[in-house]
Amino acid sequence: MTIIIHDKISEEPEIDCGHSAIMIKVKTSRQKPSYIFAKGYFRKEGCIFNNTDTANFTLEQCNINKKRQINPRGMAYSMTVIVQLHPLFITKVDRAYNIRCFYMEANKIVDAELDVSELTTSILDSGHVMPQCSYTLHRDSANGPILRYARVGDIIYHVWDCPSDVYVMLVHSCFILDGQGGEHKVIDSYGSINLPLFCLFC
């Protein structure tokens, strides 16, 4: 039986000895090879690539031969890769390549100078906006309607509001004027409430 293959490998493959893998790129005249595989590992995953023109073999797979050399110092890796064009058979147009990669070791003395200066002092300013405070009179409750007019006997709620996450407010030195020239202290200079007078005039 004669098998006719209308394809061929057009030129020498490209080889790239990478950091952790060996790459082979094959150029054919028509279509991509059916298989590119490491010799003896046709059925092992990671050692065979189908319907592609590029294969990457990691250095730790496919039992790639490695040998340490002294002169020049380094590590040599070698393997045999078969490029099969026909999907079922190896034919006379297929090729086997013995690929060798050498990784040379280099001994270098690396140094660097570092000048250390005195610690610099940074000035950190932190400022907070003064809160907007208000004083209002309410009826029914502290959240009730704001009062403009009141009658004798009405219960009046005095509300001082000064919203802030930083500052606190001290209400002090408050007086009630009775409209007849009288002045009655409700809250003293320490913020203490004079309850009898406060209730009498509220």
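Throughout what follows, the structure given in this document is the object of discussion. What you see is a predicted model, and the numbers here were worked out from it, not measured in a lab.

1. Here's the deal with the pairing of strand β11 (residues 174-177)
- What you see with β11 is a clean split: Cys174 and Ile176 sit on the buried side and Phe175 and Leu177 on the side with no burial.
- As paired strands, β11 and strand β12 (residues 183-187) are joined by four bridges and run antiparallel to one another. Each residue of the ladder has a partner; that of Leu177, found in β12, is Glu183.

2. Details of unusual backbone geometry
- Here the residue pair Asn71 and Pro72 is connected by a cis peptide bond, since its omega of -5° sits within 30 degrees of zero.
- Mapped onto the elements of the fold, Pro72 is located in the loop between β6 (65-69) and β7 (74-84).
- Phi at Asn51 takes a positive value of approximately 55°, unusual for a residue other than glycine.
- Relative to the helices and strands, Asn51 resides in the loop between β4 (48-50) and β5 (54-58).

3. Points about the nonpolar core
- Grouped together as the largest cluster of nonpolar side chains are 22 residues, with contacts concentrated most on Ile24, Ile36, Phe57, Met79 and Ile99.
- Looking at this core, the elements that each hand over two or more residues are β2 (21-25), β3 (35-38), β5, β7 and β8 (95-104).
- Here this core takes five residues from β7, the largest share from any one element.
- Residues within four places of Met79 in sequence aside, it is in contact with Ile22, Ala38, Phe57, Ile64, Tyr97, Asn98 and Ile99.
- Core analysis: the second largest hydrophobic core is formed by five residues, Val171, Cys174, Ile176 and Ile187 among them.

Criteria and thresholds
- Residues numbered from 1 in each chain as written.
- Predicted model: local features only at pLDDT ≥ 70, side-chain atom pairs only at ≥ 80, totals over all residues.
- Heavy atoms only, no water.
- Buried < 20%, exposed > 50% of the residue type's maximum accessible area, 1.4 Å probe, protein only.
- Helix = DSSP H or I, 4+ residues; strand = E, 2+ residues; numbered from the N terminus.
- Pairing = 2+ DSSP bridges.
- Core = buried A, V, L, I, M, F, W, Y, C linked by side-chain atoms within 4.5 Å.
- Contact = heavy atoms within 4.5 Å.

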